[in-house]
Amino acid sequence: MQVSFNPSLEIDRVLRETALSVPSIGPDFDPGVRPADPRFGDFQANGVLGYAKRKGINPRELGEALLHALQASDKLDPKQIEMTLSGPGFLNFRLSGEFLWQWLLEHAGKEDFRAGATSLRKGRTIVIDYPSANTAKQAHIGHIRPMVIGEAIARLLDFCGAKTIRDNHIGDWGTNFGTLIMKIKRDGINLEQISENPLAALDNLYKAGSALEQEQPELREQSRSELVSLQNGDPENTALWEQIVDISTRAFDALFAQLGVRVDHTLGESFYRDKVDRIYDELTETGLAEESDGALVVWHDEVKKFSRDNERPYPFNIRKKDGASNYATTDLATILYRVEEFKAEEVVYLTDARQQDHFEQLFLTTKKWFAAKNYPVPQMNHVWWGTILGPDKKPFKTKSGETIKLQALLDEACQRAYIVVTAKNPELEEEERRQIARTVGIGALKYADLSSNRTQDYVFDWDRMLSFEGNTAPYLLYAVARINSIFRKTGIDPDAAIEGASPLETEAEQTLARKLMGLPNALELTLHDLRPHFLCTYLHELAGAYSSFYNADKVMVEETDVRARRLLLCARARTVLITGLELLGIDPLERM
Ligand code: ARG
């Protein structure tokens, strides 16, 4: 018997094939196979119900007809996959213990999982737009989200066979540069000699510059003209701008290194400044854009909120009244570039919820424009998220009401984790405790962010994220460390083949095996919506099943076949947990 990595896909395929031989079912039938409530089986096909309703036939009868056709064909071995009908027409599939065992034997290591998962996004070229922060401003707590969620999604897509290109679309061409340059020149500042935290210094210079503009409005004119001369390529301002971008890049690179963020390209807004004329031309020529009060805009009348006759009309503004390009223009140029140069078939953008309208308008415009020009239209996704809240349910701030700097947050995470790790392992050397604490601290921050459904706000809670209990990084890291210690004690390599094991027997073994086999579905679910919390929930449940198994069934028993089988389960749980943690961007620990 050969079992596929994702048995539910196999069942789905067989059901579609079999349905063709049932007279009352047409080729538009979708079996809708998904993991089942364990009381009914491993998988359930619940597509019959909706299909029968649409066609006006009795669902139960349709289900029976399909089940009979399935039993008559020999496509699924009834000894390995038990098939039953329940309720108004649900088809249930329960895998035998032998099937589960075979799955465990065939899908042993991370590379087997990867091989199995690659079918999900095989060979698809996907550009992922993250972390894409704005230049010349220090990263704050909110910036952790694009870094962490973006990295996890990129890793996941890579693992599932995509060719990902991580493109950091920084905001390096904003109006803030006018103010900054004005202030720098006014104070005669040498950017090479500013403080040990040059990005913080730039932040302060900008704030001081804005305050000055408030006091002396005539300075606004000066800032504006600095901006215009920068945009016109003035060498002095260009040199200053380059220095500013450079300072910013270095600061962000340091954060990326701590957070394990990998960026392939940094093509920010400035990169597209000479590519915007083509946008105006093509959008005008195709009749999509029109002048309105001197600006160039695109209306989407089919969407109420973007239509002309909305109470507060707001079109997609692609060129400002003063003729300057804006965020929308550069984004249009960017998507064209990604399709033409990177051959992107899909583009995933990561930002907070506030930019939903922008991306909706960008996607609508791109679809129409590309269709008119016969360019291949990529799939476009906006992955957005809510706010990180403090205990008072308001955006999380410092006690004095300021935004929390990302570096300070990372430092605090490591410091707090150090206390927790020290309490647990007072006997370890300080250096080792510090190292473990870095992984635990950063891992806890990341996991707290990833494990909450991204479209909901979440409350930031140090104690909860650093707890060894619950759906947390320390809980999962500790589960791996505990399995590692079993293998260390026995002197067996957990990655080596384990021979002489007998098939699954006990309840706890079977439950754990079933959970392990849930990996493909967890990956699929996570990918489908690009919501990493699905993978987190799965890993948390797996660690729970492992722990129940470990408490119920002694591993190091006398009978060598039973011991081998249980060690094999330990090894698989370890591999799946490690694979999952790595996909989330969390480094597993040998011990903790
Ligand atoms: N720089 C923007 C910000 O900080 C995010 C850019 C997102 N990417 C894009 N292609 N618009 O809000």
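Not measured: the values here are computed from a predicted model. (Residues numbered from 1 in each chain as written. Predicted model: local features only at pLDDT ≥ 70, side-chain atom pairs only at ≥ 80, totals over all residues. Heavy atoms only, no water.)

### What about the overall build of the chain?
- For the chain, the count of helices and strands is 21 helices and 13 strands.
- Taken over 592 residues, the chain has a buried fraction of 53%.
- Considering only contacts in the chain between residues 6 or more positions apart, those separated by 24 or more positions represent 74%.
- Computed over 71 positive and 88 negative side-chain charges, the separation of the two mean positions in the chain equals 3 Å. (Helix = DSSP H or I, 4+ residues; strand = E, 2+ residues; numbered from the N terminus. Buried < 20%, exposed > 50% of the residue type's maximum accessible area, 1.4 Å probe, protein only. Contact = heavy atoms within 4.5 Å. Lys, Arg positive; Asp, Glu negative; His and termini not counted. Charge placed at Lys NZ, Arg CZ, Asp CG, Glu CD.)

### A closer look at the pattern of salt bridges
- Under the criterion given, the structure shown has 45 salt bridges.
- Of the charged contacts, one joins Asp12 and Arg16 as a salt bridge, the two residues approaching to 2.8 Å between their closest N and O atoms. One end of the pair is Asp12 and the other is Arg16, both in helix H1 (residues 7-19) and four residues apart, which spans about a single turn.
- Taking relative accessible area as the criterion, Asp12 reaches 14% and is therefore assigned buried.
- Classification of Arg16 as partly exposed rests on a relative accessible area of 38%.
- Residue Lys75 is joined to Glu17 by a salt bridge in which the shortest nitrogen-to-oxygen separation is 3.4 Å. Of this pair, Lys75 sits in the loop between helix H3 (59-72) and strand S3 (81-86) while Glu17 sits in helix H1; the two residues are 58 residues apart in sequence, bridging distant segments of the chain.
- Note on Glu17: relative accessible area 33%, which makes it partly exposed.
- One network of salt bridges, in which partners are shared, links Glu10, Arg13, Glu17 and Lys75. (Salt bridge = Lys/Arg side-chain N within 4 Å of Asp/Glu carboxyl O.)

### Overview of the site of the ligand
- All residues adjacent to the ligand are Asp129, Ser132, Asn134, His169, Tyr327, Asp331, Tyr349, Thr351, Gln355 and Phe359.
- In the model, a nitrogen atom of the ligand is placed 2.8 Å from a nitrogen or oxygen of the Asn134 side chain.
- Between the ligand and the protein, one listed contact pairs a nitrogen atom with a side-chain N or O atom of Tyr327 at 2.7 Å.
- Here the ligand loses 87% of its free accessible area of 350 Å² to cover by the protein chains.
- When contributions to the shell around the ligand are tallied by element, the ones reaching two or more residues are helix H12 (327-341) and strand S10 (346-352).
- Looking at the shell around the ligand residue by residue, the classes come out as three nonpolar, five polar and two charged. (Near = heavy atom within 4 Å. Polar contact = N/O pair within 3.5 Å; in protein donor to acceptor, adjacent residues only side chain to side chain. Areas by Shrake-Rupley, 256 points an atom, 1.4 Å probe, with all protein chains shown as cover. Nonpolar A, V, L, I, M, F, W, Y, C, P; charged D, E, K, R; others polar.)

### Looking at the environment of Leu512
- Along the chain, the position of Leu512 falls in helix H18 (residues 507-516).
- Distance in space between the C-alpha atoms of Leu512 and Gly87 is 28 Å, their sequence separation being 425 residues.
- Sequence-distant contacts of Leu512, defined by excluding residues within four places in its chain, comprise Leu542, Ala545, Tyr546, Phe549 and Leu569.

### Regarding the packing of helix H8 (residues 198-215) against helix H10 (residues 235-259)
- Direction vectors running N to C along H8 and H10 enclose 130 degrees, while the axes themselves pass 9 Å from each other. Overall, the two elements H8 and H10 adopt an arrangement that is oblique. The chirality of how H8 crosses H10 is left-handed. Contacts between H8 and H10 involve Pro198, Leu199 and Leu202 from the former and Ile244, Ile247, Ser248, Ala251 and Phe252 from the latter. (Axes fitted to C-alpha atoms, helices over the stretch in contact; angles between N-to-C directions. Parallel < 35°, antiparallel > 145°, perpendicular 65-115°, else oblique. Left-handed = near helix turned anticlockwise from the far one by under 90°.)

### Some thoughts on unusual backbone geometry
- Cis geometry is found at the peptide bond from Tyr130 to Pro131, where omega equals -15 degrees.
- Of note, Pro131 is situated in the loop between strand S5 (125-129) and helix H6 (144-159).
- Non-glycine residue Lys343 carries a positive phi angle of around 55 degrees.
- When you line up the elements, Lys343 lands in the loop between H12 and S10.
- Its relative accessible area of 55% is what places Lys343 among the exposed residues.

### Comments concerning the pairing of strand S11 (residues 379-385)
- Examined bridge by bridge, S10 and S11 share seven bridges and lie parallel to one another. Looking at the pairing, Leu350 lines up with Val383 of S11.
- The β-α-β motif built from S10, the intervening helix H13 (residues 356-373) and the parallel element S11 has right-handed crossover chirality. (Pairing = 2+ DSSP bridges. Right-handed = clockwise from strand over helix to strand, strands pointing away.)

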